[in-house]
Amino acid sequence: MFDTAAAVRSAIPQIAFVAFYSDVEHEVAIVDSGYRVTLTYNLYLVDVPSAHPLGIVPTKDPLNDVKSALSPLLVDPKFLPTGGLLGFQLAHKYPFKIGSTDFEDLKKRLKGSDAAIDRICQDMSLMTSLKALHVYTPEYQGPTSALVDTFLELENYQYEGDELMELFKEHGATFVYSFPEKIRGGDDDSDDESDDESDGPGFVPIFWIKQGNACNSVEQPYMAYGNQAELDHIYVELCLVAEIKPFTERNSTMAI
């Protein structure tokens, strides 16, 4: 707790202040004497040549153990043996606009624990990037997840059959499935699962590491056409992704 009374207890007139992002949970106690002034203002992002600051990470924060937790996984031949991705749900909220936000620029503005995870991955020679995870349900199939370099603007559009999947392919999407689950081959009536990734449209395994509630997500409605027209939705979330090389390659290249 920040004690403003103790901070200004001096013969010299002083002002005590604290600043934080709007998504930080906080409470202001009753002012018994003196005055409290609250300033609310907008922060604008500007391009700077220097790297973004990591911010303050508490000494006992679990993130301090991220590297030691990841290292055993990366040297395990059973963990993403043919390569894949690590997915991190962002802990902080960021400003973005569907269809126009530059992810490379936004990545420079990562805050707190998100910036710390990005730096840890880079220290371990893991290439990182921000991606928009689009989750939707194609006709006659189960939920499908696609990582794209931008938020696709789908609202008020109409799609039929596999047109939505083709749209993702046109934007260079990476279709992913959660490791260690397997890709389902064939149609939904089959109970067999296949280890052959060629059954899907270039599916890549991803191991998700969750930090908390989704705070950078948006729901987009669109008109889906099949046997009949109906309103459907696609769920999109901003996330940080790290590339993992195949086991036979990563031991000699990673700083573990």
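Residues numbered from 1 in each chain as written. Predicted model: local features only at pLDDT ≥ 70, side-chain atom pairs only at ≥ 80, totals over all residues. Heavy atoms only, no water.

Chemist: So what about the confidence of the model for the protein? Which residues, and what values?
Modeler: In the predicted model, the protein carries a mean pLDDT of 77, and 73% of its residues have values of at least 70. Taken element by element, the predicted model of the protein shows its lowest mean pLDDT in strand β7 (residues 193–194) (40) and its highest in strand β1 (residues 84–89) (93). Throughout residues 184–200 the model reports pLDDT below 50, and contacts reaching past four residues in sequence, or to other chains, amount to 22 contacts. (pLDDT = per-residue confidence, 0-100. Helix = DSSP H or I, 4+ residues; strand = E, 2+ residues; numbered from the N terminus. Contact = heavy atoms within 4.5 Å.)

Chemist: Kindly report on the nonpolar core, identifying the contributing residues and their values.
Modeler: Leu86, Leu126, Leu130, Leu164, Phe168, Phe175 and Ile234 are the most contacted members of the largest nonpolar core, which has 44 residues in total. Per-element tally for this core: the top contributor is strand β10 (residues 229–244), with 6 residues. Beyond its immediate chain neighbours, meaning those up to four positions away, isoleucine 234 contacts His134, Val135, Tyr136, Leu154, Leu164, Phe168, Val218, Glu219, Gln220 and Tyr222. Listed in part, the 8 residues of the second largest apolar core include Leu85, Leu147, Cys239 and Val241. (Core = buried A, V, L, I, M, F, W, Y, C linked by side-chain atoms within 4.5 Å. Buried < 20%, exposed > 50% of the residue type's maximum accessible area, 1.4 Å probe, protein only.)

Chemist: Tell me about the pairing of strand β2 (residues 128–136), and please be specific about residues and values.
Modeler: Extensive coverage of β2 is indicated by the burial of 7 of its 9 residues. Looking at chain direction, β2 and β10 are connected through 8 bridges and run antiparallel. Within the sheet, the bridge partner assigned to lysine 131 lies in β10 and is cysteine 239. Note that β2 and strand β3 (residues 144–148) share 5 bridges and pair antiparallel. Considered in β3, the bridge of histidine 134 is made with alanine 146. (Pairing = 2+ DSSP bridges.)

Chemist: I'd like to hear about helix α2 (residues 66–74), residue by residue, with values.
Modeler: For an α-helix, 3.6 residues make a turn, and residues three or four places apart therefore share a direction. Residues of α2 that are buried include every one of Val66, Leu70, Ser71 and Leu74, and no others. The buried residues of α2 occupy one face: seen down the axis, they fall within an arc of 125°. (Arc of directions from axis to C-beta.)

Chemist: Tell me about the packing of aromatic side chains, and please be specific about residues and values.
Modeler: Ring pairs (aromatic) are described by centroid distance and by the angle formed between their planes. Following the criterion strictly, the structure yields 7 aromatic pairs and no others. A ring pair is formed by phenylalanine 168 and phenylalanine 175, whose centres lie 6.5 Å apart and whose planes are at 85°; its orientation type is edge-to-face. Phenylalanine 168 sits in the buried class, given a relative accessible area of 0%. Relative accessible area serves as the criterion here: at 2%, phenylalanine 175 is assigned to the buried category. Put simply, the rings of Tyr136, Phe168, Phe175 and Phe203 pair up and form one aromatic cluster. (Phe/Tyr/Trp six-rings, centres within 6.5 Å; stacked < 30°, edge-to-face > 60°.)

Chemist: Lay out the environment of alanine 91 in plain terms, naming residues and giving numbers.
Modeler: With respect to the secondary-structure elements, alanine 91 resides in the loop between β1 and α3 (103–107). Alanine 91 sits in the partly exposed class, given a relative accessible area of 34%. Distance in space between the C-alpha atoms of alanine 91 and alanine 115 is 10.0 Å, their sequence separation being 24 residues.

Chemist: An account of the pattern of salt bridges is needed here, citing residue identities and associated values.
Modeler: Two side chains carrying opposite charge are able to pair once their charged atoms lie near each other. Taken as a whole and judged by the stated rule, the model has 4 salt bridges. Among the ionic pairs, aspartate 118 bridges to lysine 107, the shortest N-O distance being 3.3 Å. Of this pair, aspartate 118 sits in helix α4 (residues 112–123) while lysine 107 sits in helix α3, and the two are 11 residues apart along the sequence. Here aspartate 118 and lysine 107 have matching classes, each one buried. Across the pair lysine 131 and aspartate 149 runs a salt bridge, and its minimum N-O distance is 2.3 Å. (Salt bridge = Lys/Arg side-chain N within 4 Å of Asp/Glu carboxyl O.)

Chemist: Requested: an account of unusual backbone geometry, with residues and values cited.
Modeler: Along the chain, phenylalanine 179 connects to proline 180 via a cis peptide bond; the corresponding omega equals 10°. Residue position: proline 180 is located in the loop between β5 (174–178) and β6 (183–184). Backbone geometry at leucine 80 places phi at a positive 45°, although glycine is not the residue there. Within the fold, leucine 80 resides in the loop between α2 and β1. Despite not being glycine, serine 125 has its phi angle at roughly 65°, a positive value. Its location among the elements puts serine 125 in the loop between α4 and β2.

Chemist: Which residues make up the environment of valine 75, and what values do they have?
Modeler: Among the structural elements, valine 75 can be located in the loop between α2 and β1. Along the sequence, valine 75 and phenylalanine 247 sit 172 residues apart, while their C-alpha atoms lie 7.5 Å from each other.

Chemist: With reference to specific residues and values, describe the pairing of β3.
Modeler: Most of β3 is tucked away: 5 of the 5 residues are buried. By the alternation rule, side chains of β3 split into Thr144, Ala146 and Val148 and Ser145 and Leu147, which are all buried. Note: β3 against β5, 3 bridges, orientation antiparallel. Note that in β5 the partner of serine 145 across the bridge is valine 176.

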